[in-house]
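A structural walkthrough
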Amino acid sequence: MLLFLNFFKKEKNDTKPKQANATPSKPKRTNEHIATRKGEIGEYKIDIQLDQLPKDCRYLSDLLVKNPKAKSGYSQIDHVVLTPYGLFVIETKNYQGTIYGGKDRKTWLVNGKFKMMNPFVQNYGHIKALTSFIDKKYHDLFISMVSFTKRCTFKVDLDYRKIASNEIIVYDIELSEFIHRKVSVLKIHHKEPLLNQSDISIIYNAYSDANITDPAIRDEHKLVLNVNTPVESASPLSTCSICNKPVSNKVKTYCLSNKKYKGKIYCFDHQNSPQ
């Protein structure tokens, strides 16, 4: 009888569906995917801050508007914040490392090696494009802001960090704080708001109407930018295997062609002692 029951249990257990032993492997993430993901997280952090601005403020994100002076024929603006005391145009950057730059320089440097366009020159072009969609009486109310992630360190003109300036560089986590501070300073200088809610609605609607949402046009714009952007100007993706410091294409090529590095990349400081 006992043998019969054991046999019955075995038969019953055999009828259970077998579960997969291994979980599906996740696709390997490339540097491009990682950079894109970091950019999305950065934008998300900014959107959270903009959502918490006072009720008399409005904002738009990821605008694509016509700009005949741009290479692609369009300008893509990350964020525009409309407040009663000014119009903030925000350019966001997803770099890692030390940012070197000055007002008199058309190009800035990341880690002293990789070139990038002066983001305030870039943002000036965005502001000029935006002025074409609104009345001239609003043209002097623009404030240019450039936001970097906390993975950066600033080595730039100190004026860029002063609230009195109309060109302000910030870390992404302090964006809303600097907007509040700038508005507070403007309130001291102006007894009455420079824009009422009707003005803000007019500007908001003008930019909403000008915004191009057609995916084909947006893809074409990105393609033109990628074709016209030098490799060294892009966010550096190759890094040292030891310290994760970005390296130039020349260093990358040297390491990969040298057998002693076994396919790994090392910065100058660690090329003599690869792990």
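In short, a report on the structure. (Residues numbered from 1 in each chain as written. Predicted model: local features only at pLDDT ≥ 70, side-chain atom pairs only at ≥ 80, totals over all residues. Heavy atoms only, no water.)

Considering the sheet that holds strand 6 (residues 114-117)
- One open sheet holds the four strands; their spatial order is 6-5-4-8, and the pairing between them is mixed. Every interior strand has two partners, whereas the edge strands, strand 6 and strand 8 (152-156), have only one. For this sheet the average axis-to-axis angle between neighbouring strands, irrespective of direction, equals 25°.
- Sheet topology places strand 5 (residues 107-110) next to strand 6; four bridges connect them, and they run antiparallel. (Pairing = 2+ DSSP bridges. Helix = DSSP H or I, 4+ residues; strand = E, 2+ residues; numbered from the N terminus. Axes fitted to C-alpha atoms, helices over the stretch in contact; angles between N-to-C directions.)

Brief notes about the pattern of salt bridges
- All told, the structure shown has six salt bridges when counted by the stated rule.
- Notably, a salt bridge pairs glutamate 91 with lysine 93, separated by 3.2 Å at the nearest N-O pair.
- Taking the relative accessible area as the measure of exposure, lysine 93 reaches 13% and is therefore buried.
- Two residues, lysine 103 and glutamate 167, come together in a salt bridge whose shortest N-O distance is 3.4 Å. Residue lysine 103 is found in the loop between strand 4 (97-101) and strand 5, and its partner glutamate 167 is found in strand 9 (residues 167-171); the two are separated by 64 residues along the sequence. (Salt bridge = Lys/Arg side-chain N within 4 Å of Asp/Glu carboxyl O. Buried < 20%, exposed > 50% of the residue type's maximum accessible area, 1.4 Å probe, protein only.)

Re unusual backbone geometry
- In the Ramachandran plot, aspartate 62 falls in the positive-phi region, its phi being about 55° despite a non-glycine side chain.
- By the element assignment, aspartate 62 lies in strand 1 (residues 58-66).
- With a relative accessible area of 39%, aspartate 62 lands in the partly exposed category.
- Notably, lysine 262 is not glycine yet its phi reads approximately 55°, a positive angle.
- In this fold, lysine 262 is placed in the segment after helix 7 (249-257).
- Taking the relative accessible area as the measure of exposure, lysine 262 reaches 74% and is therefore exposed.

A closer look at the side chain of glutamate 174
- By the element assignment, glutamate 174 lies in the loop between strand 9 and helix 4 (175-189).
- The exposure class of glutamate 174 is buried, given its relative accessible area of 13%.
- Discounting chain neighbours no more than four positions away, the residues touching glutamate 174 are Gln49 and Arg161. (Contact = heavy atoms within 4.5 Å.)

Some words on the pairing of strand 2 (residues 74-83)
- Burial of strand 2 is extensive: nine of the 10 residues sit out of reach of the surface.
- The sheet contact formed by strand 1 and strand 2 spans eight bridges and is antiparallel. Paired with leucine 64 across the bridge in strand 2 is glutamine 76.
- The pairing of strand 2 with strand 3 (residues 86-93) spans five bridges and is classified as antiparallel. From the neighbouring strand, leucine 82 faces strand 3, where its bridge partner is leucine 87.

Side note on the side chain of histidine 221
- Note that histidine 221 resides in helix 6 (residues 215-228).
- Side-chain polar atoms of histidine 221 contact the side chain of glutamine 76, separated by 3.5 Å.
- Among residues more than four places away in sequence, those in contact with histidine 221 are Leu64, Ser72, Tyr74 and Gln76. (Polar contact = N/O pair within 3.5 Å; in protein donor to acceptor, adjacent residues only side chain to side chain.)

Digging into the environment of leucine 141
- One can find leucine 141 in the loop between helix 3 (119-131) and strand 7 (142-148).
- We classify leucine 141 as buried; its relative accessible area is 14%.
- Each residue touching leucine 141, except ones within four places of it in the same chain, is listed here: Gly86, Leu87, Leu194 and Leu195.

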